[in-house]
Amino acid sequence: MKILIDFFPILLFFGAYKAYDIYVGTAVLMAATVIQMGLIYTLDRKLTVMHKITLALVLIFGALTLVLHDERFIKWKPTVLYAAMGIALALAVWVWKKNFLKLMLGSQLELPDRVWMRLNLVWVVYCLFMSLINAYVAAYYSTEAWVNFKLWGYAFPLVFIVAQGFYISRYLKADEPKT
């Protein structure tokens, strides 16, 4: 169910873009993201900081796209989001000595500190890579190509998450059988 909620806005954006144009697609993305966050809040009774940032960026960059009738704004939203995430994770560890990944997921996963540090570094690199690749596609390719990249580019996070799962699986402790 949650995976459907995660893909809901991008699928509607893609469909609206294909049926109409980038501006209708942007308006649909904005509305779908608000609905998505409402569903997440209904299910979890909270929104994470990442949810709030994503919602704010979609609404701000979407509004700029619609008001100024300039598609560049919505195309640059993922670049800004990924760059902000990568920079925040890097600053948290190297300046403030806090591992945000461990703070967010530590209650769900028990991993050695060195693994949390590696994961944080990998997330920084991944976020910066995603920021750069989106910037490249947004700057040098057509809107049509960028929209297709947005949909099919979801392979990157899926591969990243699966690879990360394989990496951390060897550090997870098996539940002890109760006697």
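The text that follows walks through the structure, step by step, so that each part is easy to find. (Residues numbered from 1 in each chain as written. Predicted model: local features only at pLDDT ≥ 70, side-chain atom pairs only at ≥ 80, totals over all residues. Heavy atoms only, no water.)

## Structural notes on the side chain of Gln-164
- As for its position among the elements, Gln-164 is in helix H8 (residues 155-169).
- When its relative accessible area of 16% is taken as the criterion, Gln-164 is described as buried.
- Apart from the residues within four sequence positions on either side, Gln-164 is in contact with Leu-119 and Trp-123. (Helix = DSSP H or I, 4+ residues; strand = E, 2+ residues; numbered from the N terminus. Buried < 20%, exposed > 50% of the residue type's maximum accessible area, 1.4 Å probe, protein only. Contact = heavy atoms within 4.5 Å.)

## Topic: the packing of helix H4 (residues 72-94) against helix H6 (residues 113-140)
- Close contact between H4 and H6 brings their axes to 8 Å; oriented N to C, the two are set at 155 degrees. As far as their axial angle goes, H6 and H4 are roughly antiparallel. Regarding H4 and H6, the two cross each other, and that crossing is left-handed. (Axes fitted to C-alpha atoms, helices over the stretch in contact; angles between N-to-C directions. Parallel < 35°, antiparallel > 145°, perpendicular 65-115°, else oblique. Left-handed = near helix turned anticlockwise from the far one by under 90°.)

## Considering the nonpolar core
- Grouped together as the largest cluster of nonpolar side chains are 39 residues, with contacts concentrated most on Ile-22, Leu-119 and Trp-123.
- When residues of this core are traced back to their parent elements, those giving at least two are helix H1 (2-19), helix H2 (22-44), helix H3 (49-68), H4, H6, helix H7 (143-152) and H8.
- Broken down by element, this core gets its largest block of residues, 11 residues, from H6.
- Once you skip the residues sitting within four places of it in the chain, Trp-123 turns out to touch Met-85, Leu-89, Leu-101, Phe-160, Ile-161 and Gln-164. (Core = buried A, V, L, I, M, F, W, Y, C linked by side-chain atoms within 4.5 Å.)

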